[in-house]
Every structure is written in C-alpha cells, then in structure tokens.
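What the coordinates show
In case you want the letters, here they are:
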Amino acid sequence: AVVSTQSTGVDPAVEQGQREAERERCLKDTVQQCELLMRKVISEKIKADRIEGRKITYSVYSDAKAVFLGEVKSGAISFEKQPISMETVKERFLEHFVKSARN
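Keep in mind that what you see is a predicted model, and the values were worked out from it rather than measured. (Residues numbered from 1 in each chain as written. Predicted model: local features only at pLDDT ≥ 70, side-chain atom pairs only at ≥ 80, totals over all residues. Heavy atoms only, no water.)

**Quick notes on the nonpolar core**
Where a protein is soluble and globular, its nonpolar side chains tend to be buried together. Formed by 18 residues in total, the largest nonpolar core has its most connected members in C34, F68, V72, F79, V89 and F93. Going through the elements one at a time, α1 (12–52), α2 (58–74) and α3 (86–102) are the ones with two or more residues in this core. For this core, the element with the most residues is α1, which contributes 7 residues. In contact with F93, other than residues within four places in its own chain, are M38, V41, I42, Y61, A64, K65 and F68. (Core = buried A, V, L, I, M, F, W, Y, C linked by side-chain atoms within 4.5 Å. Buried < 20%, exposed > 50% of the residue type's maximum accessible area, 1.4 Å probe, protein only. Helix = DSSP H or I, 4+ residues; strand = E, 2+ residues; numbered from the N terminus. Contact = heavy atoms within 4.5 Å.)

**Some remarks on the packing of α1 against α2**
A pair of packed helices can be characterised by two numbers: the angle between their axes and the separation between those axes. Across the interface, α1 lies against α2 with an axial gap of 10 Å and an inter-helix angle of 155 degrees. In terms of their interaxial angle, α1 and α2 are classed as roughly antiparallel. Helix-helix and strand crossings are classified by hand; for α1 and α2 the assignment is right-handed. In this structure, α1 contributes L27, T30, V31, C34, E35, M38, R39, I42, K45, I46 and D49 to the contact, and α2 contributes Y58, Y61, K65, F68, L69, V72 and K73. For the contact of α1 with α2, the class distribution of residues is 11 nonpolar, 1 polar and 6 charged. (Axes fitted to C-alpha atoms, helices over the stretch in contact; angles between N-to-C directions. Parallel < 35°, antiparallel > 145°, perpendicular 65-115°, else oblique. Left-handed = near helix turned anticlockwise from the far one by under 90°. Nonpolar A, V, L, I, M, F, W, Y, C, P; charged D, E, K, R; others polar.)

**Comments concerning the side chain of H96**
By the element assignment, H96 lies in helix α3. On the basis of relative accessible area, H96 is assigned to the buried category, the value being 14%.

**Focus: the packing of α2 against α3**
Packing of α2 against α3 brings their axes to within 10 Å, and their N-to-C directions diverge by 110 degrees. Regarding the angle of α2 to α3, the classification is roughly perpendicular. Here α2 contributes V60, Y61, A64, K65, V67, F68 and E71 to the contact with α3, which in turn contributes V89, R92, F93, H96 and F97. Counted by class, the contact of α2 with α3 contains 8 nonpolar, 1 polar and 3 charged residues.

This is the structure we're talking about:
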C-alpha cells in the first residue's frame, strides 16, 4: 500500500498530532490565564458585594470558578483573543455565574 504524503513530506497523522498538541498547549495557557484573572475578578466581586450588602460567600464563587474553568478546559467556553483580557473573563464568568445561579 502506498501512503500518500502531502508535499510537505510530513505524515498527515504526525501533522494532526502536532496540531492537537498545539491546541492542547493553547488551552492549557488559556486555563492558566483565566485562573489568574479569576482571582482578581472574584476579589473585585466580593468587595462590590460587600459594599452593596450582598452576602455571596467566597466558597460560592470558588465553586463557580471551578465549574467555569472546567468549561474553559472542555472548550465549552472559548476565548477567541489571546491574550485574554480581564474584561472578557469577567464578562464570561458573570454570564456563567448568573446562569448557574438561576438553575
């Protein structure tokens, strides 16, 4: 059997593997970036809640954060732009937070 390789001379399976690895790496970076930004987002939220007299505990936020990061890891929540801005993370997280609070 003749295996056809593209003009690059690279086995398509190898190329596929490299693309997967690259995507995996990007995803890992994204999750790490989110993780860092989330800390800021949450402490900001907690301060704002305190000022407005809302009593949402830190553990509620950290549970929501864990779920959010899981969604990011799975690709359900995606960020088109790299690097990710604080604003985008905050926006996505709050959308997600409100949605899960309703359920």
